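Observations on the three-dimensional arrangement
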Amino acid sequence: MPTDEPVLVTGAAGGQQGSTGRHVVRLLLDRGQAVRAFVRTDDERAAGLRDMGADVVVGDLREITDVSAAVRGVRRAFFTYPVTGGLLEATGAFAAAARREGLERVVEVSQLAAAPDAGTPRMRQHWVAEEVFDWAGIGAVHLRAGVFFENLDFLVRAGAGRELAMPLGPLDTVLPLIAGEDVARVAAGLLTEPAPPCPDPVVLLTGQVLTVAEVVETFGGGLKYVDVSPEEWRERAMTLYGDTHVVAHLDKLWELFRLIGAHHELYEVTPSIERFGGRAPGTLAEFVRRG
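Starting afresh in each chain, residues are numbered from 1 along the sequence in its written order. With the structure being a predicted model, the display of local features is reserved for residues of pLDDT at least 70 and the display and counting of side-chain atom pairs for 80 or more, all residues being used for whole-chain, interface and lining totals. With hydrogens and water set aside, each side-chain value is computed from the structure's full complement of heavy atoms.

Right, let's get into the overall build of the chain. A run of H or I in DSSP counts as a helix once it spans at least four residues, and a run of E counts as a strand once it spans at least two, with each numbered from the N terminus. Each helix and strand counted, the chain has twelve helices and twelve strands in total. We compute the radius of gyration from the C-alpha atoms alone; for a globule the expected value is 2.2 Å times N to the 0.38, where N is the number of residues. Computed over its C-alpha atoms, the radius of gyration of the chain comes to 19 Å, within 12% of the 19 Å expected for a compact globule of 291 residues. Its C-alpha atoms give the chain principal-axis dimensions of roughly 50 × 40 × 35 Å. A buried classification covers 54% of the 291 residues belonging to the chain. A simple rule labels every residue: compare its accessible area, found with a 1.4 Å probe on the protein chains alone, to the largest value its type can have, and call it buried under 20%, exposed over 50%, or partly exposed in between.

Quick look at the structure:
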């Protein structure tokens, strides 16, 4: 359902955490849909979005004046916020502006086990964000996604392709995974559906379920898994990410996987990826081959 009325896409510049926003921009433009791309900085990534055909607006998602200007004249939007501080501020500003403007659908990226009693602070914040978007009455759809392939790839690259150092316990610990592009493909499908009502406000997204051993084997190249202690992980992570919010979230996330082990009700590939994204989910092997 391409229209001349633009779809607003936040997180459009992309980054190391999956670049879902940038993927959504490309997928929508490929469908002939006008796109307004919201970025934090007018840099070479923003220039690339303009070259793709997007209308680029620059602002801070936590600032209501910036967000109000961005949502003006749109009916649908994609919302994502990086794993760092400010999620709830950005959610509040976006939900308020979207309600005032009368948006009919906002597709937002959440996390697989978001809940008020979830095991990481970020997951709990995502649940609060979902509630805020629901209260706003803007047709919110929450994409509860697993761990992005890109996040594992970042850690493999940090180990120079030689080691994957994580506090995940034994090699049979299981991870629910997904490609950032598959999350974006589902979002693009939902944003171009002809009917505004969503069949379910919560969409679970897991593209592949692998053990740590299978992850290591898939990356190949002699990669070795090193089961580091949580203390060593936190020390390494601060050097890698330089953000206490990221470290606090990932520290608890890896602990959850370590404690859950091999079995959890959420550990299954979800049909929603093919249903809304138009094709079966990609695999980690395909992601690694693309480099």
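Further notes follow.
By the burial criterion, the buried members of helix α2 (residues 44–52) are A46, G48 and L49. Angularly, the buried residues of α2 cover 155 degrees about the axis, an arc narrow enough to put them on a single face. Facing away from the buried side of α2 by more than 90 degrees, the exposed set consists of E44 and D51. Contact between two residues is taken to exist if any of their heavy atoms lie within 4.5 Å; hydrogens are not considered. In the core, the buried residues of α2 are packed alongside α1 (20–30), β2 (35–39) and β3 (55–58). Backbone nitrogen of R45 and a side-chain oxygen of the N-cap are separated by 3.0 Å at the start of α2; the cap is D43. The first or second residue beyond α2 is G53, which carries a positive phi of 115 degrees. Within this analysis, the arc is defined by the directions that extend from the helix axis to the C-beta atoms. Residues adjacent in sequence count toward polar contacts only when both atoms are side-chain atoms; beyond that, a polar contact is any pair of N or O atoms within 3.5 Å, and within protein one must be able to donate a hydrogen and the other to accept it.

Our next topic: the environment of L143. For L143, the position within the fold is in strand β6 (residues 140–145). For the pair L143 and P201, spaced 58 residues apart in the sequence, the C-alpha separation amounts to 8.5 Å.

On to the nonpolar core. If you look at the biggest cluster of nonpolar residues, it comprises 38 residues, and the most contacted ones within it are V215 and W254. Elements with a minimum of two residues in this core: α6 (149–158), β8 (163–166), β9 (174–178), α8 (212–219), α9 (230–241), α10 (244–260) and α12 (284–290). In terms of residue count, α10 provides more of this core than any other element does, six residues in total. Apart from the residues lying within four places of it in its own chain, the contact partners of V215 are L152, L164, L175, L177, L210 and L284. Grouped together as the second largest cluster of nonpolar side chains are 35 residues, A13, V24, L27 and A37 included. For our purposes a nonpolar core is just a set of buried Ala, Val, Leu, Ile, Met, Phe, Trp, Tyr and Cys residues, chained together by side-chain atoms within 4.5 Å.

In this section: the sheet that holds β3. At least two DSSP bridges between two strands are required for those strands to pair. With respect to topology, seven strands assemble into an open sheet ordered β3-β2-β1-β4-β5-β6-β10, the strand pairing being parallel. In the strand order of this sheet, the two ends are held by β3 and β10 (202–205), each with one partner. Each strand of the sheet is rotated relative to its neighbour by a mean of 20 degrees, with strand direction disregarded. Relative to β2, strand β1 (residues 7–9) runs parallel, the two sharing three bridges. Opposite V7, over in β2, you have V35 as the bridge partner. For every element, the axis is a line fit to its C-alpha atoms; helices are fit only across the contacting stretch, and the angle between N-to-C directions ranges from 0 to 180 degrees.

Attention shifts here to the sheet that holds β9. As summarised here, the arrangement of the three strands in space is β7-β9-β11, forming an open sheet in which the pairing is mixed. Only two strands of the sheet have a single neighbouring strand rather than two, namely β7 (147–148) and β11 (208–211). Two elements, β9 and β11, share four bridges in a ladder whose sense is antiparallel. Counted as the bridge partner of V174 is T211 from β11. Where α8 meets the sheet, its contacts fall on β9 and β11, and the angle it forms with β11 comes to roughly 95 degrees.

Okay, unusual backbone geometry next. Even without a glycine there, the phi angle at A160 is positive, about 60 degrees. Structurally, the position occupied by A160 is in the loop between α6 and β8.

The next subject is the side chain of R36. Looking at the element boundaries, R36 is found in strand β2. In this structure the side chain of R36 is engaged in a polar contact, spanning 2.7 Å, whose partner is the backbone oxygen of A70. From its side chain, R36 meets the backbone oxygen of R72 in a polar contact 2.7 Å long. If near-sequence neighbours (up to four positions away) are discounted, R36 is found in contact with P6, V7, L8, V9, D55, V57, A69, A70, V71, R72 and V74.

Turning next to α9. Given a helix with a known number of residues, its expected span is that number minus one, times 1.5 Å. End to end, α9 covers 16 Å across twelve residues, agreeing with the expected 16 Å (1.5 Å per residue, within 8%). All buried positions along α9 are accounted for by W233, A237 and Y241. One face of α9 carries all of its buried residues, which in axial projection span an arc of 40 degrees. Exposed residues on α9 whose side chains face more than 90 degrees from its buried face are E231, E235 and T239. On the buried face of α9, the contacting elements are α6, β8 and α10. One or two steps after α9, the chain reaches G242, where phi turns positive at roughly 60 degrees.

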